[in-house]
Amino acid sequence: MDWSLSSLSSLSFLAFRRWFWSESFWLPPNVTWKDLESPIGSGGAESPVGGDWDPHGARDSDGGDGGGDRSTVTIPSVYDLWLGFPLAVVLFGLRLLWERYVAHPVGLLHNFRETPIATPLPNATLEEAFRLHGKTLPDHGKILGYAKQLDLTPRQVERWWRRRQLLGKPSQLQRFKETSWRFVFYLCSFWSGLYVLWDKPWLWETNYCWQNYPRQHVPSDVWWYYLIELGFYLSLVLSLFRDIRRKIRTESMQRYAMVSRVHNLSEDSSFEWMPP
């Protein structure tokens, strides 16, 4: 019985996989996934836009300008995406170094507060009231009631409530360290993206995106740009449990996962040439 259920599950998974990666959906007519498994000769199909533009782009397979061996076309493999995981670990390590040796001293230099909010004294009655009312301070009548019940002044109850509201919130220095890393990466990513794509004809003329598709050469600079971006978003997923806790943590996780999946699908289907 267990064997039959396992076989049925395997068959169902294979059927779903065959349906999802249908060649008739992802690839042009007369093209199969096997055509993308290894480099092919540079003599591809005739360009749908005509002209004599070199399918290798303005740079050769080593990312240089012109020249070089043009006998093969470098086609990315789905297995290249596994490199995103070690890159994520490397980027996460770089982030830790950045926060410790760069962002932390700079934040202190600008007088960002490092001391966390003072923790309120333990009080079971007020803790239960806080869970009941949420972070909203109760009206004055209820404050007076809690004060009489606990033999405190209304001012002490309000002070406890405000400290409890701020409990768990990060300091200014913590927020600065986290956001500074993202700012630096996005800034570098933007300008490096301009540098990588600026000399590519298909950035300016989208018809070139379909020249010899999907047997398209992917220059090494575009290949690395894709992998580093994928590694960055995977590193954000890793750091979600360490970063400042936010209400939108679930939404952030879903967004990072979707962006990573878009990177995967675009490379699987040879859409690296599509403008960002």
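Preceding this paragraph is the structure being described.
Note that the structure is predicted; figures quoted are calculated from it, not measured.

Calculation rules
- Residues numbered from 1 in each chain as written.
- Predicted model: local features only at pLDDT ≥ 70, side-chain atom pairs only at ≥ 80, totals over all residues.
- Heavy atoms only, no water.
- Phe/Tyr/Trp six-rings, centres within 6.5 Å; stacked < 30°, edge-to-face > 60°.
- Helix = DSSP H or I, 4+ residues; strand = E, 2+ residues; numbered from the N terminus.
- Buried < 20%, exposed > 50% of the residue type's maximum accessible area, 1.4 Å probe, protein only.
- Salt bridge = Lys/Arg side-chain N within 4 Å of Asp/Glu carboxyl O.
- Axes fitted to C-alpha atoms, helices over the stretch in contact; angles between N-to-C directions.
- Parallel < 35°, antiparallel > 145°, perpendicular 65-115°, else oblique.
- Left-handed = near helix turned anticlockwise from the far one by under 90°.
- Contact = heavy atoms within 4.5 Å.
- Nonpolar A, V, L, I, M, F, W, Y, C, P; charged D, E, K, R; others polar.
- Arc of directions from axis to C-beta.
- Polar contact = N/O pair within 3.5 Å; in protein donor to acceptor, adjacent residues only side chain to side chain.

**Student:** Got a minute to help me understand the packing of aromatic side chains in this structure?
**Tutor:** All chains considered together, the criterion is met by 13 aromatic pairs. Plain terms: the ring middles of Trp 82 and Phe 85 are 5.7 Å apart, the flat faces sit at 35° to each other, and that makes the pair tilted. Measuring from centroid to centroid gives 5.5 Å for Phe 130 and Trp 161, while their planes differ by 55°, and the two rings are tilted. Note that Phe 130 is positioned in helix 4 (residues 124-133) and Trp 161 in helix 6 (residues 154-166), a separation of 31 residues in sequence. A residue is classified by how much of its surface remains accessible, and Phe 130, at 7% relative accessible area, is buried. In this structure Trp 161 comes out as buried when scored by relative accessible area, which is 0%. Through successive ring pairs, a cluster of aromatic residues spans Trp 181, Phe 185, Tyr 186, Phe 232 and Tyr 233.

**Student:** Sorry if this is basic, but what is going on with the pattern of salt bridges here?
**Tutor:** A side chain with one charge may pair with a side chain of the opposite charge, provided their charged atoms come close. This model, assessed by the stated rule, comprises seven salt bridges. One salt bridge connects Arg 162 with Glu 158, and the closest N-O pair in it is separated by 3.9 Å. Of this pair, Arg 162 and Glu 158 both sit in helix 6, four residues apart, roughly one helical turn. Taking relative accessible area as the criterion, Glu 158 reaches 18% and is therefore assigned buried. A single network of salt bridges, built from pairs that share partners, joins Asp 199, Lys 200 and Asp 221.

**Student:** What is the right way to read the packing of helix 3 (residues 84-109) against helix 7 (residues 172-198) from this model?
**Tutor:** Any two packed helices are characterised by the angle at which their axes cross and by the distance between the axes. Helix 7 packs onto helix 3 with a crossing angle of 125° between their chain directions and a minimal axis gap of 9 Å. Between helix 3 and helix 7, the angle falls in the class oblique. The two elements helix 3 and helix 7 cross, and the hand of that crossing is right-handed. Side by side, helix 3 and helix 7 meet where Leu 91, Leu 94, Arg 95, Trp 98, Glu 99, Ala 103, His 104, Val 106, Gly 107 and Leu 108 of the first sit next to Leu 173, Phe 176, Lys 177, Glu 178, Ser 180, Trp 181, Val 184 and Phe 185 of the second. Its residues assigned to classes, the contact of helix 3 with helix 7 shows eleven nonpolar, three polar and four charged.

**Student:** Could you clarify how one ought to interpret helix 4 in this entry?
**Tutor:** Where helix 4 is concerned, the buried positions are Leu 126, Ala 129 and Phe 130. Projected down its long axis, helix 4 shows its buried positions confined to an angular sector of 105°, all on one face. Structural note: helix 4 exposes Ala 124, Arg 131 and Leu 132 on the side pointing more than 90 degrees away from its buried face. Elements in contact with the buried residues of helix 4: helix 5 (140-150) and helix 6. The opening residue of helix 4, the one whose side-chain oxygen lies 3.2 Å from the backbone nitrogen of Thr 125, is Asn 123. Positive phi shows up at Gly 134, right after helix 4, with a value of about 75°.

**Student:** Would you explain the environment of Ser 189 in this entry?
**Tutor:** Following the sequence through the fold, Ser 189 ends up in helix 7. Since its relative accessible area comes to 11%, Ser 189 is described here as buried. Among residues more than four places away in sequence, those in contact with Ser 189 are Tyr 225 and Glu 229.

**Student:** Explain the packing of helix 3 against helix 9 (residues 220-239) to me, please; I cannot follow it from the model alone.
**Tutor:** Remark: helix 3 packs on helix 9, axes separated minimally by 7 Å, with the N-to-C direction vectors making an angle of 65°. Judged by the twist between their axes, the crossing of helix 3 over helix 9 is right-handed. Seen from helix 3, the contacting residues are Gly 84, Phe 85, Leu 87, Ala 88, Leu 91, Phe 92 and Arg 95; seen from helix 9, they are Trp 224, Leu 227, Ile 228, Leu 230, Gly 231, Phe 232, Leu 234, Ser 235, Leu 238 and Ser 239. Grouping the amino acids of the contact of helix 3 with helix 9 by side-chain chemistry returns twelve nonpolar, four polar and one charged.

**Student:** I would appreciate a short explanation of unusual backbone geometry in the present structure.
**Tutor:** What you tend to see is this: most non-glycine residues have negative phi, and most peptide bonds are trans. One non-glycine residue, Asn 111, adopts positive backbone phi at about 65°. The topology assignment puts Asn 111 in the loop between helix 3 and helix 4. With a relative accessible area of 66%, Asn 111 lands in the exposed category. At Asp 151, a position not held by glycine, the phi torsion is positive, near 60°. Turning to its location among the elements, Asp 151 is positioned in the loop between helix 5 and helix 6.

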